[in-house]
Structures are given as structure tokens and as C-alpha cells.
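Structural description and commentary
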Amino acid sequence: MPLPDFARRFPNIALPRLGARAVFVTDDFFAAVERLIQPAEAVFIPDKFDDHGKWMDGWESRRKRGPGHDHCVLKLGFPARIQGVDIDTSHFNGNQPLQASVDGAHVGGDLPGDGDWENLIAPTDTGPDAHHYCEVSHERAVTHLRLNIFPDGGVARLRVFGRPEIDWSKVAADKLVDLAAVENGGRAVCCNDQHFGTMHNLTAPGRGVNMGDGWETRRRRGPGHDWVVLALGRPGIIRRILIDTAHFKGNYPDRAAIQAARFDGDENNIAAASEQWPLLLPQSKLGADAEHVFEQEIQDAGVVSHVRLSIYPDGGVSRLRLFGVVR
């Protein structure tokens, strides 16, 4: 099924590497709740069992024999405005919940109180072995999410698409900030190809853990080059660029260039518009499995809100860091 707009334009922020963690669960007898937010897609191993029964890659509660329903609480790594979720029941077939709903809260501690919760997604039918994408229209940022399942069962993954809420007034005007970092609100908007690795990895924290933890395109067999467009967390002036090809040894791009502009239009039309943006970084050579830092090479593009990274002709990039001052 095609991805909804919110799942294409916003990163999954319910990840352990972004500080997200499970802080409460009513029951995870069959499968640990921590698996619910693992980054990898859920897998099914037919002959794998443990002391509690069939091993499942997700969160699974016991069969409920009384009133009520099961739920778990996740604490995000930072306050965020949620755009949508994916309640993924992959490989749960006959043991998936009948319905699921999601609540949100904004509190300072580990666990919200009963009165802190607001409903984000009303009870929604959940079928077997499927992705259930649900858009969220809640305006306020949340720090916690509660996934309710009715009455019990298993969910493989909960993907939460959104962006951090940041008080930029507290950031000094002359402080260099990685404006592309996901924790600062940076996000990949679109690309021409992400066959081997998603564009959202480019803005993730830390260096890539392996070759799968980056953005990688197919081998190009004709003319042209590959590209990706990113939105900065806040408009600013870029002073320092880092392009990291960690783990890409025989498949790194030969060269890269960056265009940039202040863009206030419809992001659905941004791909074509970005072709005409001024150069921020002229075509520059890249090497295998290395961090490439550019400062003197940067051209004056003024205050920018979006960038277009072009790689020649194809290949993989682990991370893109764009250090600048907020304007």
C-alpha cells in the first residue's frame, strides 16, 4: 500500500537511539514491550519458541479472561508534535488485537497521571499481519504515548511520525547548531531513490552503525545522478558541512554537491523547485568510509530553510550534518 503523506515527510521519532523507551506495560507475557519500538522491521521465525510459548517479534500480552484491556506507555526522547502513527501487526495472525487506540500526554516525569492523557487516535480496527496508518490532528506537543489494545494480543511495531518541538529563543544567535539533525527538527522531505537505505537515516544521531544505516541508491545504469531534499529544523546560515560515508567502501558516491534556498512553498512541489536553487557546496570529491568536512568551500546562499544534496552518480551516504546559526 502507498505510504500516507505524513509517513513520507516525517521521520519515525519513537526510536531507542532518539531516547524513546517503554516505561509501563500492563502485560507482556508472550513478547517484551521493548520490541515495539525496535528500528528493524519485524521478523517471523517459524520454529522459534521460548519458555512462554511462540517467540514473536513485537509486544504480545496474554489472552484476557476478565474485563478491561491492555496498554503500554512510551516516553519519547523529546517533546514532539505527532503527525501520524503506524500500528503494525506484521506476523500477528489470529493473535492481533481487535482494535487499538493511542493517547498522548505532556508531562515532566516518567509516568503521566490518569488525568494527563488526551486521545490522539480513537479505537481503530486492527487486522492481522498489516500496517495500520492513522493520521493525527492533535496540535499540542506530547512527551508520552499510550498504546491501548482491545482487549489483548500482539503488535509488532509502533511507528510514530512527527517532529520535535524546540524553543529556539533559548539558542544563542552565534551558536553553531546542526540544523539538519532530527533532534533539532531536521527531516528528509523527498528523494529520487532510496532502494537500499531510507533518506531519513541522513539526519539520525551519531555515526551509522553499518551500511544499512544510511541513505543508499541503486546502481545507476544510465545518465543522471541521485538526489535528496531536506528541510532544516529552523532557517539559518550554514557555516560548516559534514558528509559522512561511514561503512560505504565500494559504493560511496564519487562526488557530492549541495544547493540551498529559503523555501516557503508547497513541499509537494519542492523537487522541481530545488533544481534551480543556488549552490551552497560546489561538486566535491568524496572517499570511502570517511567524514568529509567543508568550510572554506561553502558559498554564500544567505538564510536557507531547505537543502538539496546531489550525489554523482549514485551510492550511499550515512549522515549529512549542516552546522549553522539560527536566523
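Here, every reference points to the structure presented above.
All values derive from a computational prediction rather than experimental measurement.

Moving on, we get to the pattern of salt bridges. In total, this model carries 23 salt bridges according to the counting rule given. Note that E291 is salt-bridged to R207, the shortest N-O span being 3.7 Å. Here E291, found in strand β18 (residues 291-294), pairs with R207, found in the loop between β13 (187-191) and β14 (215-216); they are 84 residues apart in sequence, far enough to count as distant. Residue classification places R207 among the partly exposed residues on the basis of a relative accessible area of 42%. Residues joined in a network through salt bridges with shared partners are D5, R8, R9, R187 and E267.

Let's shift gears to the pairing of strand β16 (residues 255-261). Taken across its seven residues, β16 has six buried, putting it largely inside the fold. The pairing of β16 with strand β17 (residues 279-285) spans four bridges and is antiparallel. Bridge assignment links I258 to a residue of β17, and that residue is L281. Pairing of β16 with strand β19 (residues 304-312) involves seven bridges; the strand directions are antiparallel.

With respect to the element layout, D57 can be found in the loop between β3 (53-54) and β4 (59-60). D57 sits in the buried class, given a relative accessible area of 10%. Side-chain polar atoms of D57 contact the backbone nitrogen of V43, separated by 3.0 Å. Within the local environment of D57, its side chain forms a polar contact with the side chain of R157, the two groups lying 3.1 Å apart. Setting aside residues up to four positions removed in sequence, D57 forms contacts with R35, E41, A42, V43, F92, A156 and R157.

So, how was this worked out
- Residues numbered from 1 in each chain as written.
- Predicted model: local features only at pLDDT ≥ 70, side-chain atom pairs only at ≥ 80, totals over all residues.
- Heavy atoms only, no water.
- Salt bridge = Lys/Arg side-chain N within 4 Å of Asp/Glu carboxyl O.
- Helix = DSSP H or I, 4+ residues; strand = E, 2+ residues; numbered from the N terminus.
- Buried < 20%, exposed > 50% of the residue type's maximum accessible area, 1.4 Å probe, protein only.
- Pairing = 2+ DSSP bridges.
- Polar contact = N/O pair within 3.5 Å; in protein donor to acceptor, adjacent residues only side chain to side chain.
- Contact = heavy atoms within 4.5 Å.

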